[in-house]
Amino acid sequence: MPRFVQFEEFGSRDYLQVVDRERPWPGPGQLLVRVMAAGLNPMDYKAYRDERTAGRMGVTLPSGIGQDFAGFVEEVGDGVTRFAPGEAVLGTAPFAAVADFVVVAEDGQVVPKPDALTFEVAGALGVVGRTAMASTASLNLGEHDTVLVSAAAGGVGVLAAQLAIRCGATVVGTAGEGNHEFLETLGVIPVSYGDGLADRVRELLDGERVTAALDNHGGGTIEAALELGVPIERINSIAVFGPAAHGAANVGGAAAGNAELSEIADLLAENEVVLPIDSIFPIERTGEAYGRLEGGHLRGKIVVVTD
């Protein structure tokens with residue numbers, strides 16, 4: 001029987017369970033995808049931890065888990081013309097992706113997978129790829145910019161940092177010391193996060209001015225950017241909203257679509273950017289995988305595989 005990971009209670013990853021369920025069928029305009037890999041995102045655990053947060057995401061019990069997937073088209077419903085059985089695809093299926101099969105709309109968030117892209121990277125890409133593309137584009141970065149990127153070794157941050165460099169910008173990226181050498185290989189100037197961030201950035205840049213900021217972690221990044229003289233209109237946050245954002249923009253994945261997802265997938269396939277895979281877990285150990293995600297300090301993404 002096909003496997004499906006779900007939770008029937010809110011509170012913790014302990015409520016995640018792998019259940020058997022009937023094979024789903026695609027309706028008109030839909031694809032049935034055999035999932036090879038599914039990427040995990042912080043929004044997942046924010047939903048299963050807290051009922052109110054889940055409600056804001058439209059999640060009701062019982063609920064599946066996971067957003068991103070990559071796999072093969074198993075079957076297509078009536079009227080589908082863009083995809084055919086056997087084709088490799090990647091995309092996003094909110095709160096349904098960690099499973100053996102997922103049903104998605106042909107006109108939904110699904111695109112062909114480039115041949116050179118591994119299923120693990122493709123399965124991790126949907127949310128972080130669209131978010132990095134949209135947030136970076138929102139600042140119109142260029143060669144005269146120096147941008148502060150927080151959580152620069154994480155899923156969104158590592159892509160955003162590389163995209164900013166591709167725009168010609170100088171990038172200073174916050175990360176734990178264990179990821180500093182890795183960031184340097186990407187052309188990012190690493191800096192430790194925490195109290196005194198603005199002072200450490202000033203010292204690293206030796207008088208060069210920070211002109212923009214991409215916050216992927218929390219309010220401390222926004223406050224440090226303001227202390228460094230970055231105008232609020234050149235700060236974008238995907239982590240802080242409302243008054244705590246001090247007026248920063250909140251451009252995220254909703255501002256990007258399949259064109260942007262295909263573009264970042266092609267860049268990865270061509271080795272123009274990289275998305276590290278922090279760790280890979282079998283579907284039976286999904287709860288353990290989310291435990292690692294909740295612990296933070298990752299390099300790239302965590303992926304659950306079905307084989």
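Please refer to the structure placed before this passage.
Sequence order sets the numbering: in each chain, residues are counted from 1 along the sequence as written. Only residues with pLDDT of at least 70 get local features here, since the model is predicted, and only at 80 or more are side-chain atom pairs given and counted; chain-wide, interface and lining totals rely on the full set of residues. The basis for every side-chain value is the complete set of non-hydrogen atoms in the structure, without hydrogens or water.

1. Description of the nonpolar core
Next up, step 1: In plain words, nonpolar cores are sets of buried Ala, Val, Leu, Ile, Met, Phe, Trp, Tyr and Cys residues tied together by side-chain atoms within 4.5 Å. Partly exposed residues are those whose accessible area sits between 20% and 50% of the maximum for their type, while under 20% is buried and over 50% is exposed, using a 1.4 Å probe and protein chains only. Grouped together as the largest cluster of nonpolar side chains are 47 residues, with contacts concentrated most on Val 147, Leu 159, Ile 264, Leu 268 and Leu 275.
Next up, step 2: Looking at this core, the element that brings in the most residues is helix α5 (residues 155–166), giving seven residues.
Next up, step 3: By the convention used here, residues are in contact when the closest approach between their heavy atoms is within 4.5 Å. If we ignore the near neighbours within four places in the chain, the residues touching Ile 264 are Leu 125, Gly 129, Met 133, Leu 159, Leu 163 and Val 273.
Next up, step 4: Counting 35 residues, the second-largest nonpolar core is a separate cluster that includes Ala 47, Ala 93, Val 110 and Val 304. Helix and strand assignments follow DSSP, with helices taken as H or I runs no shorter than four residues and strands as E runs no shorter than two, numbered in order from the N terminus.

2. Let's talk about helix α9 (residues 258–269)
Next up, step 1: For α9, which comprises twelve residues, the first-to-last C-alpha distance of 16 Å matches the rise-based estimate of 16 Å (1.5 Å per residue) to within 8%.
Next up, step 2: When we look at burial in α9, the residues that qualify are Leu 261, Ile 264, Ala 265, Leu 267, Leu 268 and Ala 269.
Next up, step 3: In this structure, the buried residues of α9 make contact with β6 (88–92), β8 (110–112), α3 (119–123), α4 (126–137) and α5.
Next up, step 4: Positive phi shows up at Asn 271, right after α9, with a value of about 60°. Here, expected helix span is obtained from the residue count minus one, scaled by 1.5 Å.

3. Digging into the packing of aromatic side chains
In this description, an aromatic ring pair is defined by two values, namely the gap between the centres and the angle between the planes.
Next up, step 1: Classification of ring pairs rests on two measures: the distance between centres of Phe, Tyr or Trp rings, Trp counted by its six-membered ring, which must be within 6.5 Å, and the angle between planes, read as stacked under 30 degrees, edge-to-face over 60 and tilted in between. According to the stated counting rule, one finds four aromatic pairs in the structure shown.
Next up, step 2: Pairing Tyr 48 with Tyr 290 gives two aromatic rings, centres 5.6 Å apart and planes at 90°, and the pair type is edge-to-face. Note that Tyr 48 is positioned in helix α1 (residues 42–49) and Tyr 290 in helix α10 (residues 286–295), a separation of 242 residues in sequence. A single burial state applies to Tyr 48 and to Tyr 290, both of which are buried.
Next up, step 3: Each residue in the set Phe 7, Phe 10, Tyr 48 and Tyr 290 is aromatic and connected to the rest through ring pairs, giving one cluster.
Next up, step 4: Positioned above the aromatic ring of Trp 25 is the side chain of Arg 23, whose terminal nitrogen or guanidinium carbon lies 4.2 Å from the ring centre.
Next up, step 5: If you follow Arg 23 out to its NZ or CZ, it ends over the ring of Phe 101, 5.8 Å from the centre. To sit over a ring, a charge needs its Lys NZ or Arg CZ within 6 Å of the ring centre and within 35 degrees of the ring normal.

4. Here we look at the pattern of salt bridges
Next up, step 1: One speaks of a salt bridge when a side-chain nitrogen belonging to Lys or Arg is within 4 Å of a carboxyl oxygen belonging to Asp or Glu. Overall, the coordinates contain 13 salt bridges when judged by the stated rule.
Next up, step 2: With a closest N to O distance of 2.9 Å, Asp 100 and Arg 3 form a salt bridge. Of this pair, Asp 100 sits in the loop between β6 and β7 (101–105) while Arg 3 sits in strand β1 (residues 3–7), and the two are 97 residues apart along the sequence.
Next up, step 3: One salt bridge connects Arg 285 with Glu 288, and the closest N-O pair in it is separated by 2.8 Å.
Next up, step 4: Judged by relative accessible area, which is 37%, Arg 285 ranks as partly exposed.
Next up, step 5: Here the salt bridges do not stand alone but share partners, grouping Arg 3, Asp 100 and Glu 284 into one network.

5. Quick look at the sheet that holds strand β11 (residues 189–191)
Next up, step 1: Spatially, the five strands line up as an open sheet ordered β11-β10-β9-β12-β13, and their pairing is parallel. Strand pairing shows two members of the sheet lacking a second neighbour, β11 and β13 (235–237), which therefore form its edges. Along the sheet, successive strands turn relative to each other by an average axial angle of 15°, direction set aside. For two strands to be treated as a pair, DSSP must find no fewer than two bridges joining them. Angular values range over 0 to 180 degrees, each being the angle between N-to-C directions of two axes fitted as lines to C-alpha atoms, with helices fitted over their stretch in contact.

6. Thoughts on α5
Next up, step 1: The end-to-end C-alpha distance of α5 is 17 Å, a good match for the 16 Å that twelve residues give at a rise of 1.5 Å each.
Next up, step 2: For α5, the tally of buried residues reaches ten of twelve residues, placing the bulk of the element in the interior.
Next up, step 3: Of all the positions in α5, only Gly 155, Val 156, Gly 157, Val 158, Leu 159, Ala 160, Ala 161, Gln 162, Leu 163 and Ala 164 are classed as buried.
Next up, step 4: Two residues or fewer past α5, Gly 168 is found with a positive phi of approximately 100°.

7. Topic: the packing of α4 against α5
Next up, step 1: Packing of α4 against α5 brings their axes to within 8 Å, and their N-to-C directions diverge by 45°. The orientation of α4 relative to α5 falls into the category oblique. Pair α4 / α5 crosses with right-handed handedness. The residues of α5 that touch α4, namely those facing Val 128, Gly 129, Thr 131, Ala 132, Met 133 and Thr 136, are Gly 155, Val 156, Leu 159, Ala 160, Leu 163 and Ala 164.
Next up, step 2: Residues are grouped as follows: nonpolar covers Ala, Val, Leu, Ile, Met, Phe, Trp, Tyr, Cys and Pro; charged covers Asp, Glu, Lys and Arg; every other residue, Gly included, is treated as polar. Counted by class, the contact of α4 with α5 contains eight nonpolar, four polar and no charged residues. Here roughly perpendicular refers to angles of 65 to 115 degrees, roughly parallel to angles under 35, roughly antiparallel to angles over 145, and oblique to all remaining angles. Here a crossing is taken to be left-handed if its near helix is turned anticlockwise relative to the far helix by less than a right angle, and right-handed if that turn runs clockwise.

8. Some points on the pairing of strand β3 (residues 30–39)
Next up, step 1: The buried fraction of β3 amounts to eight of the ten residues, a majority that puts the element mostly inside the structure.
Next up, step 2: Here β3 runs beside β7; their pairing, made up of five bridges, is antiparallel. Looking at β7, one finds that Gln 30 is bridged to Ala 105.
Next up, step 3: Alignment of β3 against strand β15 (residues 301–305), held across three bridges, turns out to be antiparallel. Each bridged residue has a counterpart across the sheet, and for Ala 38 the counterpart in β15 is Val 304.

Read these as geometric descriptors, not functional statements.
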